[in-house]
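Listed below are the residues making up each chain.
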Amino acid sequence: MTDHAPAAAPSDNLAAAFQIEGWPVRGRLVRLGSTIDAILSAHAYPEPVAALLGEACALAALIGSALKFEGRLIVQAQGDGPVRYVVADYDTQGHLRGYCRFDEAEVAAASQGFSRPGAKTLLGEGVFVMTLDRGPDFERTQGITPIEGESLSLAAEHYFQQSEQIPTRVRLAVGSVTSDAGTAWRAGGALIQLIAGDDARGSTEEAWDRSRALFQTLADDELIDPTVSPETLLFRLFHEDGVRLEDARALEAVCRCSKDRIGAVLASFGPEERADMVEPDGKIRVTCEYCATVYELEPEEIVAG
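So, how was this worked out
Residues numbered from 1 in each chain as written. Predicted model: local features only at pLDDT ≥ 70, side-chain atom pairs only at ≥ 80, totals over all residues. Heavy atoms only, no water. Helix = DSSP H or I, 4+ residues; strand = E, 2+ residues; numbered from the N terminus. Rg over C-alpha atoms; globule rule 2.2 N^0.38 Å. Buried < 20%, exposed > 50% of the residue type's maximum accessible area, 1.4 Å probe, protein only. Contact = heavy atoms within 4.5 Å. Pairing = 2+ DSSP bridges. 1 Å grid on protein atoms, 1.4 Å probe; cavity = no way out; pocket = protein on both sides within 12 Å on 5 of 7 lines; lining within 4 Å. Points joined across faces, edges and corners; volume = space filled by probe spheres on them. Nonpolar A, V, L, I, M, F, W, Y, C, P; charged D, E, K, R; others polar. Axes fitted to C-alpha atoms, helices over the stretch in contact; angles between N-to-C directions. Parallel < 35°, antiparallel > 145°, perpendicular 65-115°, else oblique. Left-handed = near helix turned anticlockwise from the far one by under 90°.

## Observations regarding the overall build of the protein chain
Stage number 1. Secondary structure assignment for the protein chain yields 10 helices and 13 strands.
Stage number 2. Whereas a compact globule of 305 residues would reach a radius of gyration of roughly 19 Å, the protein chain reaches 21 Å, a difference of no more than 12%.
Stage number 3. In terms of its C-alpha atoms, the protein chain occupies a principal-axis envelope of roughly 70 × 65 × 45 Å.
Stage number 4. A total of 305 residues make up the protein chain; the buried ones form 44% of that total.
Stage number 5. Within the protein chain, residue pairs in contact and separated by at least 24 positions form 63% of the contacts whose partners lie at least 6 positions apart.

## Some details on the pairing of strand β12 (residues 284–287)
If a strand is regular, its side chains alternate between the two faces of the sheet.
Stage number 1. One ladder, built from four bridges, connects β12 with strand β13 (residues 294–297); its direction is antiparallel. Residue pairing across strands places V286 opposite Y295, the latter belonging to β13.

## A short note on the environment of I224
Stage number 1. Here I224 shows up in helix α7 (residues 220–224).
Stage number 2. Relative accessible area serves as the criterion here: at 12%, I224 is assigned to the buried category.
Stage number 3. As for I224 and Y90, which are separated by 134 residues in sequence, their C-alpha atoms are 20 Å apart.
Stage number 4. Residue contacts for I224: discarding those within four places in its chain leaves R31, A173, V174, G175, V177, R186, A187 and G188.

## Examining the side chain of E157
Stage number 1. The residue E157 is located in helix α5 (residues 152–164) in this model.
Stage number 2. Other than its neighbours up to four places away in sequence, E157 contacts T168, R169 and V170.

## Structural notes on empty space enclosed by the protein
Stage number 1. Within this structure, the stated rule accounts for one cavity of 30 Å³ or more.
Stage number 2. As a volume, the largest cavity reaches approximately 30 Å³.
Stage number 3. Taken together, D89, D91, H95, L96, R97, V254 and R256 make up the lining of the largest cavity.
Stage number 4. Every element with two or more residues in the lining of the largest cavity is listed here: β4 (83–91) and β5 (95–102).
Stage number 5. Considering every element that reaches the lining of the largest cavity, the biggest residue donor is β5, with three residues.
Stage number 6. Taken together, the residues that form the lining of the largest cavity break down as two nonpolar, one polar and four charged.

## Some remarks on the sheet that holds strand β2 (residues 25–32)
Stage number 1. Spatially, the five strands line up as an open sheet ordered β8-β9-β2-β1-β10, and their pairing is antiparallel. At either end of the open sheet lies a strand with only one pairing partner, and these are β8 (168–179) and β10 (243–250). Each strand axis lies, on average, 15° off the axis of its neighbour in the sheet, ignoring direction.
Stage number 2. In this structure, β8 lies alongside strand β9 (residues 182–194), joined through 12 bridges in antiparallel fashion.

## Describing the sheet that holds β5
Stage number 1. Taken in spatial order, the six strands of this open sheet run β7-β6-β3-β4-β5-β11, and their pairing is mixed. Unpaired on one side and paired on the other, β7 (141–146) and β11 (252–253) mark the two borders of the sheet.
Stage number 2. Across seven bridges, the pairing between strand β3 (residues 72–79) and β4 is antiparallel. By the bridge assignment, R72 is partnered in β4 with D91.

## A few points about the packing of helix α1 (residues 34–41) against helix α2 (residues 47–64)
Stage number 1. At a minimum axis separation of 10 Å, α1 and α2 run at an interaxial angle of 135°. Here α2 runs oblique to α1, going by the angle between their axes. Crossing geometry of α1 relative to α2 is assigned as right-handed. Touching I36, I39 and L40 of α1 are A50, L53, G54 and C57, all from α2.
Stage number 2. For the contact of α1 with α2, the residue count by class is six nonpolar, one polar and no charged.

The values are spatial; any link to function lies outside them.
What follows is the structure in C-alpha cells.
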C-alpha cells in the first residue's frame, strides 16, 4: 500500500476562513489570480467594468465559500447607470463565473475623471441582490438592499446589517499586475464579522472596535499582490494576537453552459423565431454571455420539448 500525502492547501485562487486567537471575530479571505483573469479576459470589458465584475466575483466567493450546504450563491447588482447589470455566480464546488451588461459610450463618459468610477457611478440608482440556490428541491432565498457607495463592499455590509443584523466589514480590490508572463487581472477580498456576546463571553464591542481598526489598514495592493501569501497578509494584520488560516479551498473559472443547455433554450422558441435565427450558412450560433463560448447548432438538432 502506498501512502499518499494530503494535498497542499492552495496559495492562490483560494477562499479560506481565518480565526484570530481568542477574539469573538470570524473572517474570510479570497485571493484570485488566473481564475479572475480568465473571467475578465473572456470579454473586451472597459477597465472600470472589469473592475466592477472582479469585485462581484471576489464577493461571491468570499460569502459563498462559507455556505454549509451544496448549492450556489448569486451576487448581482442592477441599476439605471452605464452598467445595467453585473452578476457573479459561485457554486460550492469552487466554480466561479460572471458577466456585465453595459453601455460602452456611457461608461466612457463616466470614466473621464482622474479616478476609476465605482459601483454607484457605474450602476446608478438600483439594487444589490444576493440569492441562495439550494437546488430544485428548495425555494431560492433572496436579500435585496440599495446600492450605496463606490464599492460593492459597502452594499454587502449593508446587506448583512439589514438582513442578518451581523456587524460586518468587507474589503474588495481588483487590479492588473504585470510580471514576466505579462499583464493579468487579479482580485482579492476579505471579510470580518462580529460574534455576538453572551453570558460566558461578555461584551464583544471592544474587540470588535480593535479588529475593525486593524482591518481598516488593509491596503488594496496587499489584497492583490501575488508575492504576498495569504498567511503573510493575515500576519501583517493580526500578528500581535495570533491568526490562523482554515479550510482553504480552490477556486476555478468554470461556466455551466453546454451545447445541450443552449439547445434546450432554443427549443423553447417557436419554429418561426428559430427560423429567424438561422444564419446564411444554415447554422444557428449562440454566444454564452458568461464565458463567450460560441455554440453552433444545426436547426434540425433542436427538438421542441
